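Here is what each chain is made of, one letter per residue.
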Amino acid sequence: MSVKTAAAPMTDAELDQLSIDTIRTLSIDAVQQAKSGHPGTPMALAPLVYTLWNRVMRFDPADPIWPNRDRFVLSNGHASMLLWSTLHLTGTRAVNADYERLGQPSVSLEDIRHFRQLGSKAPGHPEYHWVSGVETTTGPLGQGVATSVGMAIAQKWLSDRYNRPGFPIFDYDVYVVCGDGCLMEGIGSEAASMAGHLALDNLCWVYDNNHITIEGPTSLAFSEDVATRFLAYGWNVLRVGDANDLDRIQHALGVFRETKGRPTLIILDSHIGYGAPHKHDTAAAHGEPLGEEEVRLAKRSYGWPEEAQFLVPDGVRQHFAAGIGARGAAARSQWTALFDSYRAAYKELAIEIDQMQRRDLPTGWDRNLPVFAADAKGIAGRDASGKTLNVLAQNIPWLLGGSADLAPSNKTTLTYEGAGSFQAGTPGGKNLHFGIREHAMAATVNGLSLSKLRAFGATFFIFSDYARPAIRLSALMELPTIFVFTHDAMGDGEDGPTHQPVEHLASVRAIPGLITLRPGDANEVVEAYRYVMQLRHQPAVLVLSRQPLPTLDRRAYAPASGVARGAYVLADAPGGNPEVILIASGSELSLAVEAHVKLLAEGIRSRVVSMPSWEIFERQTPEYRTSVLPAGVKARLAIEQASTFGWERYVGSDGHVIGMKTFGASAPLKALQEKFGFEPERVVASAKELLGRR
Ligand SMILES: Cc1ncc(C[n+]2csc(CCOP(=O)(O)OP(=O)(O)O)c2C)c(N)n1
Ligand SMILES: [Mg+2]
């Protein structure tokens, strides 16, 4: 259809089409201008995204963080131009990191003109925390769909805790657009299985069934019956045979909203590159600009002025304002009025909601935290963690989480009265059962955190590998998620090298922004949690022992509150003038202390530095850091049951690391400690060697 002039007023249907074609052509032009990007899927899915946003979603562009908004997740993040066009045309406003609503647009036309360029609010893939209106970062396929399960769980939990008769404070839905890639990825299957089990009827995935991925037709690698698969998961499965049929799409979305007791998958048949005569239905439309001639032909097929670029015709912005703009504003103002009277009736609950939204902690959040008395036999890191977590979860109503079927081993079960188990029939439970789905667990934890709950996920440290891509996104999104990883090293002995992490500490330490903490005794575990709970924009990984670790006598040694500085002098040479420094974390801390005592007895001035967290230590002042590791002391020995990779930074070229250079082995712990050199005598010998004494 052609762009009309103001002289002839357009019908609603014409305005719908004009709006859809604006999304399409902005996407085409942006990719062409950037000389990179993915035009084909935005061209195909513009009608879907248009219908969802302008006709269905309860989202107020003026306040993209209004707590009861419907969530939209673009899981096929390569189609980001869909989102940039939509955020622009709906006039969605920006919000800053302090949750202040700013007047300026979230995505301007200039941003779209600078698609994929440095500083543009229209980057290659949707980035939460960079662009307001993006609910989660996507791009790694499957992450979005899995994160959406966490968002849907959060809505169920929030509604159970906070809704009251006549006060549906939380009743939002979660909409997801995904493609073949998201459904091929393992994490997508894990997430769909979990969502079906939990009967998340607030969750709707729309599957872009275009039969195309990068290498060509999906018949190359994907021949299962997706509908049957999702039916088996317990989903409601709908089909829309024509991605251009707005009414059918709207109808299917309506069926979703009426369907109770199961999530909905809408299988939408579409044509990638719709409108481009030589490229539609081909992989060529997926990930490269159409080319100037094909752009002209596509525009011609839409009835668009062929030479116009980045054109937003008159009437389009107004059409969005009259649709989602008006509907969203009304929904939000209704909710705000509702919340005002809720605040009057349920003051305490309203305060909780306010605190949660700002990621504040409730007063008294750290009361009754355990203090562990000195004990040579000690207690396992995981046990100290379980005790601490149970206190915190009672003090912080919205702290919840679970394990990937290892809660009895991870000691993450919340055992106090009323903690409950989160299931379809008991959505107020705080113990989540992720099943043996580590990857989806981590993404779900992200989704819970994006919904402002304080969430943790747990498994053995070795299986952090199975969760790593979602942990990485946690860091990229700056979410205060918590990952509890037990069985941190060779302590599980007989389970052998398949279960003994080696390279994992190096691997999590390499993720920018992620805080890794490997506490050395029970009181360090408590202090680690105290630190982690106060994070607002950073994820944390807790690496905990399976076996008991001696609880150090804090009257003789420095207090465990030193954990908050990442590393601290635990025990020192007389006069604080060390000639050798032993640096250790986790289960090796007590080993270092043992060696230290022996060294002192031999007249060697040693210092023990407990270093549970590199990242926290790096945040301290240079003065503090050199006070812990004085530049003049070159004889430094790091001891850690993990890859030595990276320790050079603290031991320097004159130092030494007692660590792992191979995989472990299946044997009792004592035998492993002997085989791999984690014994006090060996530490003493190494220290002496560094000092040139034998
Ligand atoms: C985990 C992951 N693996 C690979 C990629 C690279 N990649 C981006 S898009 C794509 C093809 C996706 O196909 P589909 O989901 O069907 O999207 P469509 O081309 O139909 O838009 C691939 C392999 C990725 N982004 N994430
Ligand atoms: Mg596809």
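Coordinates for the structure precede this section.
Note that the structure is predicted; figures quoted are calculated from it, not measured.

A. Spotlight on the overall build of the protein. If you tally the helices and strands in the protein, you get 24 helices and 22 strands. The C-alpha radius of gyration computed for the protein amounts to 28 Å, which stays within 12% of the reference 26 Å derived for 694 residues, consistent with globular compactness. In terms of overall dimensions, the protein has a C-alpha envelope of 95 × 60 × 45 Å along the principal axes. For the protein, the proportion of contacts with a sequence separation of at least 24, taken over those separated by at least 6, is 76%. Surface exposure of the protein reaches about 25,400 Å², of which carbon and sulfur atoms provide 52%. Side-chain charges of the protein comprise 66 positive and 75 negative groups, with the mean position of each set lying 5 Å from the other.

B. The coordination of the magnesium ion (ligand 2), seen in detail. Distances from the magnesium ion (ligand 2) to its protein donors, namely Asp 180 (OD), Asn 210 (OD1) and Ile 212 (O), fall within the range 2.1 to 2.2 Å. Here the donor residues for the magnesium ion (ligand 2) map to a single chain with the spacing D-x29-N-x1-I. Take Asn 210 and Ile 212: they sit in the same class, and that class is buried.

C. Just the sheet that holds strand S5 (residues 203–209), in detail. Pairing within the open sheet is parallel, and its 5 strands lie in the order S1-S4-S5-S9-S8. In this open sheet, the two strands that pair with only one neighbour each are strand S1 (71–74) and strand S8 (236–240). In this sheet, neighbouring strand axes are inclined to one another by 20° on average, regardless of whether the strands run parallel or antiparallel. With 5 bridges connecting them, strand S4 (residues 174–178) and S5 associate as parallel partners.

D. Quick look at the sheet that holds strand S14 (residues 482–486). The parallel open sheet is built from 6 strands, whose spatial order is S12-S11-S13-S14-S16-S15. With one partner strand each, in any of the chains shown, strand S12 (431–433) and strand S15 (515–517) form the two edges of the open sheet. Here the average twist between neighbouring strands, direction ignored, is 20°. Where strand S11 (residues 399–403) lies against strand S13 (residues 454–460), 5 bridges are found, and the strand directions are parallel. In the strand pairing of S13, Ser 403 is matched with Ala 458. Seen against the sheet, helix H13 (residues 381–395) touches S11, S13 and S14 and runs at an angle of roughly 145° to S11.

Cut-offs applied
- Residues numbered from 1 in each chain as written.
- Chains lettered and ligands numbered in written order.
- Predicted model: local features only at pLDDT ≥ 70, side-chain atom pairs only at ≥ 80, totals over all residues.
- Heavy atoms only, no water.
- Helix = DSSP H or I, 4+ residues; strand = E, 2+ residues; numbered from the N terminus.
- Rg over C-alpha atoms; globule rule 2.2 N^0.38 Å.
- Contact = heavy atoms within 4.5 Å.
- Areas by Shrake-Rupley, 256 points an atom, 1.4 Å probe, with all protein chains shown as cover.
- Lys, Arg positive; Asp, Glu negative; His and termini not counted.
- Charge placed at Lys NZ, Arg CZ, Asp CG, Glu CD.
- Donors = N, O, S within 2.8 Å, 3.2 Å for Na, K, Ca; no water.
- Buried < 20%, exposed > 50% of the residue type's maximum accessible area, 1.4 Å probe, protein only.
- Pairing = 2+ DSSP bridges.
- Axes fitted to C-alpha atoms, helices over the stretch in contact; angles between N-to-C directions.

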